[in-house]
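Residue-level structural notes
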Amino acid sequence: MSADDINGGGMGELTSALATLDQQWQIQQRNRRGGSGGAIGGWTMLKLDSDSNDGNTAAQSTTDDILNAFMAPPSSQPNGEFVYLLEPSVGTPSCVILFLGGAGLGQFPHIAYNELLTSVSKRLNAAIIASPFEVGLDHFDLAKKTGEKIRKALITCEDERGYSEGIPKFVLGHSLGAKLQTITMSASSGMLDKEELAGVGFMSFNNFGFKDTITMAKSFAKELRNDRVGKAVGDDFDDIFSGAGVGGGGMPQDNAMFDMLLNFAEQAVGAVGMEFTPSPDDTKRMITMKYDSDLQAKTRLFVFDDDDLDSSLDLMEACGPDTGLTVSGLPGSHLTPVYLKFGFDDLDLPEEARDIAGQFTGGFQGASFGSEENMNKAVDEICNWVLGKGPSRGPNWDGKNTSGQNSNEPTRRLSGQVVDAEIE
C-alpha cells in the first residue's frame, strides 16, 4: 500500500491542504515584511539562533519518512529554527501561551489552529508561541527540540520585544503535542522551570502506540468525509452512505476498500514491531515517576465527548489515585480544536493554486472544516481556565455530564499594559 492510498482519504489530504495554505502564507509574509520582520497583530515567523546540528541517523530518517507518509506531506517550511508568534494588536501581552499541536497538524499551527488560538489571544490579550514539528518515531527527540525552541523564543521575546521575565506562562497542547509537553516537563528542563508555569492545559491528550496511528488516520478520514459531505448536502455521511440500498458513485465500496487497506496496514505495522520512543507504557511510567504533584495541581485536561482517540484516563491513572488534575468536558471530537474557515477572495492565490484549492473544496469559493460552535466553546473553557476558573462541567466518560470541579478556585489576574483581565 502506498502513501497515496492513505493520504488520499484522510489525514494526508487535510495536511496537504494546510501545506498549500502555508506556502501562500509565506508568500504573503514576504510581500508584507519590508524591513520590520512582520507586523505585530498577526502570525509572525520568529527565527531563532541555532547552536546544534540535527543528529538523526539514516535509519531514524527512514522510519520517520514512513510515519510522515501516513500523517503529513513533505515540508515546505524554511530551514533553520523558528517558531510562530501571535501577539495582541495593541499593548503588552497579559500572558504567553506555549502551544504544540497534534501529529501532522502541528507542522502548521498558524493555519490548523489559527481560529482557536486567535480567539484565545484576542479574548485574553495573550501572546501565543507555537513551535512547529514534523512527525517522527522518537518523541524524546521531538520533545527536546520543540521545548528548546520555545525556551529560545521566550528569551528572544524578552530581549527583543520587551516581554517581562515574570509574564504568566501557560502550556497548551493538543493530542501528540500534549504528550510531547509531558515528556519535556517530566524528563528534561529544556523548556522552562516548572515553577515558572502558571498552568498546563492538555486538549485530547493522546498516548497511542505506533500501530494505533493507523486507527487515528481512519478516524481522521471518517471525520473529514463526514464534515465535507455534511456541509455539501446538509446531512450526515453515515446516514447517506450506509446500507445496501445506496447506489451510484461507488462511495460505500470506496470507503470499505479504504478501511480494509488501513486494517491491513495496522496488522503489517504490528508485525514489523515499530514503536514510538517512549512507548505508551514507558510514557505512563515516566509520568508516574516525574509528573509530580505541583505539575498536576496546575494541569487541566480538556476532554471532548465524542473523542475516541483521547488518552486522558491513562494520564490520570498514571498520576495516581490522589491526582490533582482537573478535567473539563466539552462537546466535539478529537479535531474540534482544528477549525478552518477561509474564502478564496481573501487569499492572494495564483491561478494554479486557486484551481487546487477549488478541487479540495468541491468548486466552492469558500471552505470550512469543523464545527465553529464547538470550537468557540473550547475557546470559552480555555480562557476561563487561564483566568483561574474551574471546569464548567466534567467529562462525559460514563455517558452523562458530571458537574464542574473546583469551581470555587480563586480567579487569576493577568497583568498587561492594556488589559488587566479578570473574571469576578
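On to the overall build of the protein chain, then. Along the protein chain, the regular secondary structure elements total 15 helices and 10 strands. Across the 424 residues that make up the protein chain, the buried fraction comes to 51%. Of all intrachain contacts in the protein chain linking residues separated by at least 6 positions in sequence, the fraction that spans at least 24 positions is 82%. Of the accessible surface of the protein chain, which amounts to about 18,700 Å², a share of 48% is contributed by carbon and sulfur atoms.

A separate point is the environment of Trp385. Along the chain, Trp385 falls in helix H15 (residues 372-386). Residue classification places Trp385 among the buried residues on the basis of a relative accessible area of 5%. Along the chain, Trp385 and Gly199 lie 186 residues apart, while their C-alpha atoms are 8.5 Å from each other.

This part covers the packing of aromatic side chains. Taken as a whole and judged by the stated rule, the model has six aromatic pairs. Relative to Phe205, the ring of Phe202 has its centre 6.0 Å away and its plane inclined at 35 degrees; by these criteria the two rings are tilted. For the residue pair Phe202 and Phe205, the accessibility class agrees, reading buried in each case. With a centroid separation of 5.5 Å and 85 degrees between ring planes, the pair formed by Phe210 and Phe276 is classed as edge-to-face. A residue pair is termed long-range when its members are at least 10 positions apart, and Phe210 in the loop between strand S6 (197-203) and helix H8 (212-233) and Phe276 in the loop between helix H10 (251-272) and helix H11 (280-290) qualify at 66 residues. Grouping residues by exposure puts Phe210 and Phe276 together as buried. Each member of the aromatic cluster is reached from another via a ring pair, and the members are Phe170, Phe302 and Trp385. Note that Lys149 overlies the ring of Phe82, its terminal NZ or CZ placed 5.9 Å from the centroid.

Glancing now at the pattern of salt bridges. Per the stated rule, a full pass over the model turns up 10 salt bridges. As a salt-bridge pair, Glu81 and Lys152 come within 2.8 Å of each other at their nearest N and O atoms. Of this pair, Glu81 sits in the loop between helix H3 (58-71) and strand S2 (82-86) while Lys152 sits in helix H6 (residues 139-161); the two residues are 71 residues apart in sequence, bridging distant segments of the chain. Its salt-bridge partner being Arg161, residue Glu87 comes within 2.7 Å of it at the nearest N-O pair. You can see Glu87 sitting in the loop between S2 and strand S3 (96-100) and its partner Arg161 sitting in helix H6, a full 74 residues away along the chain. The class for Glu87 is buried, based on a relative accessible area of 7%. Classification of Arg161 as partly exposed rests on a relative accessible area of 30%.

In this section: the packing of helix H5 (residues 114-124) against H15. Two elements in contact, H5 and H15, have axes whose closest approach is 10 Å; the angle formed by their N-to-C orientations is 40 degrees. The angle between the axes of H5 and H15 places the two elements in the oblique class. Two packed elements cross with a definite hand, and for H5 against H15 that hand is right-handed. Mapping the contact onto sequence places Glu115, Leu116, Ser119, Val120, Arg123 and Leu124 in H5 and Met375, Ala378, Val379, Asp380, Ile382, Cys383 and Val386 in H15. The class makeup of the residues in the contact of H5 with H15 is nine nonpolar, one polar and three charged.

At a minimum axis distance of 10 Å, the contact between helix H7 (residues 176-187) and H11 shows a crossing angle of 45 degrees. One element, H7, and the other, H11, form an angle in the oblique class. Every pair of crossing elements has a handedness; the one defined by H7 and H11 is left-handed. Of H11, the residues touching H7 (which contributes Lys179, Thr182, Ile183, Ser186 and Ala187) are Thr283, Met286, Ile287 and Lys290.

The next thing to look at is H11. Among the residues of H11, those classed as buried are Pro280, Thr283, Met286 and Ile287. Along the long axis of H11, the arc covered by the buried residues comes to 120 degrees, so they all point the same way. Of the exposed residues in H11, the ones pointing more than 90 degrees away from its buried face are Thr288 and Met289.

Turning our eyes to something else, we now look at helix H13 (residues 312-319). Those residues of H13 that fall on the buried side of the exposure criterion are Ser312, Leu315, Met316, Ala318 and Cys319. Each buried residue of H13 lies within a common arc of 160 degrees when the element is viewed along its axis, so the set occupies one face. Remark: Gly320 follows H13 within two positions and exhibits a positive phi of approximately 100 degrees.

Spatial ordering of the open sheet is given by S1-S2-S4-S3-S5-S6-S7-S8, a layout of eight strands whose pairing is mixed. Two strands close off the open sheet at either side, each with one partner strand: strand S1 (43-47) and strand S8 (326-330). The mean inter-strand angle of the sheet, taken between neighbouring strand axes irrespective of direction, is 20 degrees. Pairing geometry for strand S7 (residues 299-304) and S8, over five bridges, is parallel.

Our next topic: unusual backbone geometry. The peptide bond linking Thr277 to Pro278 adopts the cis configuration, its omega dihedral lying at 0 degrees. Examined against the element boundaries, Pro278 turns out to sit in the loop between H10 and H11. In this structure, Asn125 is a non-glycine residue whose phi angle is positive, near 55 degrees. If you trace the backbone, Asn125 turns up in the loop between H5 and strand S4 (127-130). Exposure remark for Asn125: the relative accessible area of 8% places this residue in the buried category. The backbone of Ser204 shows a phi angle near 55 degrees, a positive value even though the residue is not glycine.

Next up on the list: the side chain of Ser131. Positionally, Ser131 belongs in the loop between S4 and H6. Residue classification places Ser131 among the buried residues on the basis of a relative accessible area of 1%. In this structure, Ser131 is in contact with Val83, Phe99, Leu100, Gly106, Thr146, Lys149 and Ile150, ignoring residues within four places of it in sequence.

Each value, and the rule that gives it
- Residues numbered from 1 in each chain as written.
- Predicted model: local features only at pLDDT ≥ 70, side-chain atom pairs only at ≥ 80, totals over all residues.
- Heavy atoms only, no water.
- Helix = DSSP H or I, 4+ residues; strand = E, 2+ residues; numbered from the N terminus.
- Buried < 20%, exposed > 50% of the residue type's maximum accessible area, 1.4 Å probe, protein only.
- Contact = heavy atoms within 4.5 Å.
- Areas by Shrake-Rupley, 256 points an atom, 1.4 Å probe, with all protein chains shown as cover.
- Phe/Tyr/Trp six-rings, centres within 6.5 Å; stacked < 30°, edge-to-face > 60°.
- Lys NZ or Arg CZ within 6 Å of the ring centre and 35° of its normal.
- Salt bridge = Lys/Arg side-chain N within 4 Å of Asp/Glu carboxyl O.
- Axes fitted to C-alpha atoms, helices over the stretch in contact; angles between N-to-C directions.
- Parallel < 35°, antiparallel > 145°, perpendicular 65-115°, else oblique.
- Left-handed = near helix turned anticlockwise from the far one by under 90°.
- Nonpolar A, V, L, I, M, F, W, Y, C, P; charged D, E, K, R; others polar.
- Arc of directions from axis to C-beta.
- Pairing = 2+ DSSP bridges.

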